[in-house]
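The chain contents come next:
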Amino acid sequence: MTSAFGGRRLGAMAEAARSGGFVWLTGIEDTFITAPHPQTGRTLDEYELTGHYAAYRADLALAAELGVGAMRYGIPWHRVNPAPGLWDFSWADQPLERMLELGIDPVVDLVHYGVPSWIEQAFLNPDYDQRVAEYAERIAERFSGRIQSFTPLNEPRITAWYAGKLGWWPPFRRGWRGFLSVLVGVCRGIVRTEQALKRAVPEGVSVHVDAGDVYQAADPLLAGEAERRQQIGFLALDLVSGRVDVHHPLHAWMLGNGVPAAGLEWFLEHAVALDVVGINLYPLFSRKILKRVGGRLRVSMPYATAHIVGQLIELYHRRYGRPILISETASDGSVGRRRAWLDSSLAAVGQARQRGVPVLGYTWWPMFALVAWAYRQGKKPPGAYLKQMGLWDLRSSSTGELERVPTPLVAAYQQLAADRSGPGVAYP
């Protein structure tokens, strides 16, 4: 970008956040779970499973072919910081430098579910918040003046769900008390990370990303629970931005589930201003229906229409009053189904912008297929777990490598990205 803030050139995302506009983005699935599964011994490193570590230059060239202005891109913290006090930037340097050469503005995804294995108890480690802040500051300082956009941690609520409620990922806690303990640890880390980023890159922009869900009750008797789940969906961003005071609808519930009052007061004292709110939404996950089956609460996820896009944009903008980024969206299935979601979801984004909601950008995620998380507890090769959600499909070659196979969605997204004004009208 030719404009500047504080004497430095701004990337596409920072420019949009400061002065408006629209940014087309893509990204590569970057889940990093370094803990081996207890039965299979498998980890979940999407860059390794999809061959991106070896093929990063070719993959970034594909992104450049799309004509996107920016790209959400994850850094494998476990490679950058493989042991306490040990730093190795050889991996981070290569793809980030290449993106800059290609004119793609990186929105650096600092933590995507996993942490280095040497951080015992992961997000519950008493030093976690300081460790993650140090890592963030080192990355930001290394690219100072050239990279201004970061996601401190992708999907804090989902992180707490899998690591604290279900016990699938470190620190392997279960139940609502586990969920809240992990969520509080994760959010303390986000606050410390944000403080570190602002020290290193004062003109930087943080995109605070969480999964967007709409909860509904099939039974009127479950309406209260549906509303509680909706509030839980907002809880991470509420904590980080200092909204969980004694009047918050979940304040008493958190205290009753082991969160100390002093811990909640800490967030009020260290509230972070949200630069941009990122919503990750998918038609196959983002609509949640609560019902009773055999006396037990069940949550189903029927495939959603694009109406949910407008709902979530309105919910988050009304609550936080901040610019919105569609930070992840895609459909699985046939190319036709994916194209239908691309068209209908963008129509909903355009309608929101016409209503004056500052939607800064749209991210088709992932750029190519991902390996489903079931791989970690499975026994088949990665190719057996492919979830085709991308603009490119992944197909196993005769040598066992995963080839990037373009679909008609590539040309469609290229055509969209050529229009820098984006869908609908630009907000004032």
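Just above, that's the structure.
Given the structure is predicted, the values throughout are model-derived calculations rather than measurements.

(A) Structural context of the overall build of the chain. When its secondary structure is counted, the chain shows 14 helices and 19 strands. Scaling as 2.2 N^0.38, a compact globule of 428 residues should have a C-alpha radius of gyration of about 22 Å, and the chain matches this with 20 Å. Burial status across the chain gives 58% buried among its 428 residues. Within the chain, residue pairs in contact and separated by at least 24 positions form 74% of the contacts whose partners lie at least 6 positions apart. With an accessible surface of roughly 16,400 Å², the chain has 52% of that area assigned to carbon and sulfur atoms. Averaged over its 45 positive side-chain charges, the chain has a centre that lies 6 Å from the centre of its 41 negative ones.

(B) Local environment of the pairing of strand β15 (residues 359–364). The buried count for β15 comes to six of six residues, which makes it a mostly enclosed element. Note: strand β3 (residues 23–27) against β15, four bridges, orientation parallel. Counted as the bridge partner of L25 is T363 from β15. In this sheet, β15 lies alongside strand β14 (residues 324–329) in parallel orientation, the contact comprising four bridges. In the sheet register, L325 faces β15, and the bridge partner there is G361.

(C) Quick look at the packing of aromatic side chains. Here the structure, examined in full by the defined rule, presents 29 aromatic pairs. Taking the centre distance of 5.0 Å and the plane angle of 80° together, the rings of Y53 and W91 count as edge-to-face. You can see Y53 sitting in helix α3 (residues 52–66) and its partner W91 sitting in helix α5 (residues 90–101), a full 38 residues away along the chain. With a relative accessible area of 6%, W91 lands in the buried category.

(D) Expanded view of unusual backbone geometry. Going from P170 to P171, the amide bond is cis rather than trans, its omega being 10°. Mapped onto the secondary structure, P171 falls in the loop between α7 (156–165) and α8 (175–200). Here W365 and P366 are connected by a cis peptide whose omega angle stands at 0°. Tracing the backbone through its elements, the reader meets P366 in the loop between β15 and β16 (370–371). Although it is not a glycine, A122 sits at a positive phi angle of roughly 50°.

(E) Inspection of the layout of surface pockets at higher detail. Its volume calculated, the largest pocket comes out at about 1,100 Å³. Along its surface, the largest pocket is lined by 35 residues, and I158, Y162, F285, M301 and W373 are the ones closest to its centre. At the level of elements, α7 and α9 (223–240) are the ones that each hand at least two residues to the lining of the largest pocket. Tallying contributions element by element places α7 first for the lining of the largest pocket, with five residues. Partitioning the lining of the largest pocket into residue classes produces 21 nonpolar, four polar and ten charged.

(F) Structural context of the environment of A58. Counting through the fold element by element, A58 comes out in helix α3. Taking the C-alpha atoms as reference points, A58 and R404, 346 residues apart in sequence, are found 9.7 Å from one another.

Definitions and cut-offs
- All chains use their own residue numbering, which begins from 1 and follows the written sequence.
- Predicted model: local features are reported for residues with pLDDT of at least 70 only, side-chain atom pairs are reported and counted for 80 or more only, and whole-chain, interface and lining totals are derived from all residues.
- Here the side-chain values reflect all heavy atoms present in the structure, with hydrogen atoms and water set aside.
- Secondary structure elements are taken from DSSP: a helix is a run of H or I of four residues or more, a strand is a run of E of two residues or more, and numbering for both begins at the N terminus.
- Only C-alpha atoms enter the radius of gyration, while the globule expectation follows 2.2 Å times N to the 0.38, with N the number of residues.
- Under the scheme applied here, a residue whose accessible area is under 20% of the maximum for its type counts as buried, over 50% as exposed, and between as partly exposed, the area being computed with a 1.4 Å probe on protein chains only.
- Any two residues whose heavy atoms approach within 4.5 Å at even a single point are treated as in contact.
- The Shrake-Rupley method, run with a 1.4 Å probe sphere, supplies the accessible areas, and residue values consider only the shown protein chains as cover.
- Positive charge is attributed to Lys and Arg, negative charge to Asp and Glu, and no charge count is given to His or to the chain ends.
- A charge is said to be at NZ when it belongs to Lys, at CZ for Arg, at CG for Asp and at CD for Glu.
- Whether two strands pair depends on DSSP finding at least two bridges between them.
- Only centres within 6.5 Å qualify two rings of Phe, Tyr or Trp (six-membered ring in Trp) as a pair; their planes then separate them into stacked at under 30 degrees, edge-to-face at over 60, and tilted for everything else.
- Only protein atoms enter the 1 Å grid, on which a cavity is a set of points fitting a 1.4 Å probe that cannot get out and a pocket is an open set with protein on both sides within 12 Å along at least 5 of 7 lines, lining residues being those with an atom within 4 Å of a point.
- Grid points are joined across faces, edges and corners, and a volume is the space filled by probe spheres set on the points.
- Charged residues are taken to be Asp, Glu, Lys and Arg, nonpolar residues to be Ala, Val, Leu, Ile, Met, Phe, Trp, Tyr, Cys and Pro, and polar residues to be all remaining types, Gly included.

Everything listed is a geometric property; what it means functionally is a separate question.
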